[in-house]
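Here are the chains, one letter per residue:
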Amino acid sequence: MPGPQRVTLPPTVVASHLRACADDLAVSLTASGPAATVPELLKVVRHLVAGQQALAIALEGMAGRVEGGGEGALATAPMVDVEVVAEVLRAAATAVDCSAEALAESRPSFECVSDSVAPDTRL
């Protein structure tokens, strides 16, 4: 029996939701936001790493679409501008991926900090 079909939302809807969630996370993790336990923050780090990896893939995909559209749908746009946009998207994808890697490399230290405090320690 086939599984349920996945509903795919338009990229603008998904990006808008991502922005709203990122804004909420930014507020939540400021000094004036609600306190969180160290294990909760470790989970946040794991989600951020996975999210950044997905964003890197999305940016690379956008670059490919822009680059591929240069001879078709974007044929009327100046080729130099199409190339610049694709290059910037690829650079952004690389930067986000590097950020994810750096954050992932901090996980062992974060886990050590988490293991060193009481599980209900709030920051």
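Definitions and cut-offs
All residue numbers refer to positions counted from 1 along the written sequence of the respective chain. Reporting in this predicted model follows two pLDDT cut-offs: at least 70 for local features of residues, and 80 or more for side-chain atom pairs to be given and counted; totals over whole chains, interfaces and linings ignore these cut-offs and use all residues. Hydrogens and water are ignored here; the side-chain numbers use all heavy atoms of the structure. Here a strand is any run of E in DSSP of at least two residues, a helix any run of H or I of at least four, and the numbering for each starts at the N terminus. Atoms considered for the radius of gyration are the C-alpha atoms alone. The globule rule reads 2.2 Å times the number of residues to the power 0.38. Accessible area is worked out with a 1.4 Å probe on protein chains only. A residue is then buried under 20% of its type maximum, exposed over 50%, and partly exposed in between. Should any heavy atoms of two residues lie within 4.5 Å, those residues are considered in contact. To measure how exposed things are, a 1.4 Å probe is used in the Shrake-Rupley method; for residues, cover is taken only from the protein chains shown. When charges are tallied, Lys and Arg are placed among the positive residues and Asp and Glu among the negative ones, while His and the ends of the chain are skipped. Taken as the charge centre is NZ of Lys, CZ of Arg, CG of Asp or CD of Glu, depending on the residue. Only one rule defines a salt bridge in this text: a Lys or Arg side-chain nitrogen within 4 Å of an Asp or Glu carboxyl oxygen. Residue-level confidence of the predictor is summarised by pLDDT, bounded by 0 at the bottom and 100 at the top. Put simply, buried Ala, Val, Leu, Ile, Met, Phe, Trp, Tyr and Cys residues joined by side-chain atoms within 4.5 Å make one nonpolar core.

**Observations concerning the overall build of the chain**
Here comes step 1: What the chain contains, in helices and strands, is four helices and zero strands.
Here comes step 2: Ordering the α and β elements of the chain from the N terminus gives α-α-α-α.
Here comes step 3: The globule rule puts the C-alpha radius of gyration for 123 residues at 14 Å, and the 19 Å found for the chain is more than 25% above it.
Here comes step 4: Of all 123 residues assigned to the chain, the portion counted as buried reaches 17%.
Here comes step 5: For the chain, contacts bridging at least 24 residues in sequence account for 74% of all contacts bridging at least 6.
Here comes step 6: Of the accessible surface of the chain, which amounts to about 9,000 Å², a share of 64% is contributed by carbon and sulfur atoms.
Here comes step 7: With 8 positive and 15 negative side-chain charges, the chain shows a separation of 9 Å between the mean positions of the two kinds.

**Focus: the environment of valine 45**
Here comes step 1: Secondary-structure assignment places valine 45 in helix H2 (residues 38-69).
Here comes step 2: Spatially, the C-alpha atom of valine 45 lies 7.8 Å from that of alanine 104, the residues being 59 residues apart in sequence.
Here comes step 3: Setting aside chain neighbours within four positions, we find valine 45 in contact with Leu103, Arg107 and Phe110.

**A closer look at the environment of serine 114**
Here comes step 1: Residue placement: serine 114 occurs in helix H4 (residues 107-116).
Here comes step 2: A relative accessible area of 11% places serine 114 in the buried class.
Here comes step 3: Considered as a pair, serine 114 and alanine 20 are 94 residues apart in the sequence and their alpha carbons are 28 Å apart.
Here comes step 4: With near-sequence residues (within four places) excluded, serine 114 lies in contact with Val38, Pro39 and Leu42.

**Quick word on the pattern of salt bridges**
Here comes step 1: In total, this model carries four salt bridges according to the counting rule given.
Here comes step 2: Between arginine 46 and glutamate 111 there is a salt bridge; the shortest N-O distance is 3.3 Å. Of this pair, arginine 46 sits in helix H2 while glutamate 111 is found in helix H4, placing the two residues 65 residues apart along the sequence.
Here comes step 3: A relative accessible area of 37% places arginine 46 in the partly exposed class.
Here comes step 4: For the salt bridge of glutamate 60 with arginine 90, the shortest nitrogen-to-oxygen distance reads 2.6 Å. Residue glutamate 60 is found in helix H2, and its partner arginine 90 is found in helix H3 (residues 79-105); the two are separated by 30 residues along the sequence.

**So, the confidence of the model for the chain**
Here comes step 1: Overall, the prediction assigns the chain a mean pLDDT of 91, with 99% of residues at 70 or greater.
Here comes step 2: Averaged over each element, pLDDT in the chain is lowest for H4 (88) and highest for H3 (96).

**Let's talk about the nonpolar core**
Here comes step 1: In this structure, Leu59, Ala63, Val66, Val82, Ala86, Leu89 and Ala93 together form the largest nonpolar core, which totals seven residues.
Here comes step 2: The element contributing the most residues to this core is H3, with four residues.
Here comes step 3: Apart from residues lying up to four places away in sequence, alanine 93 is in contact with Ala56, Leu59 and Glu60.

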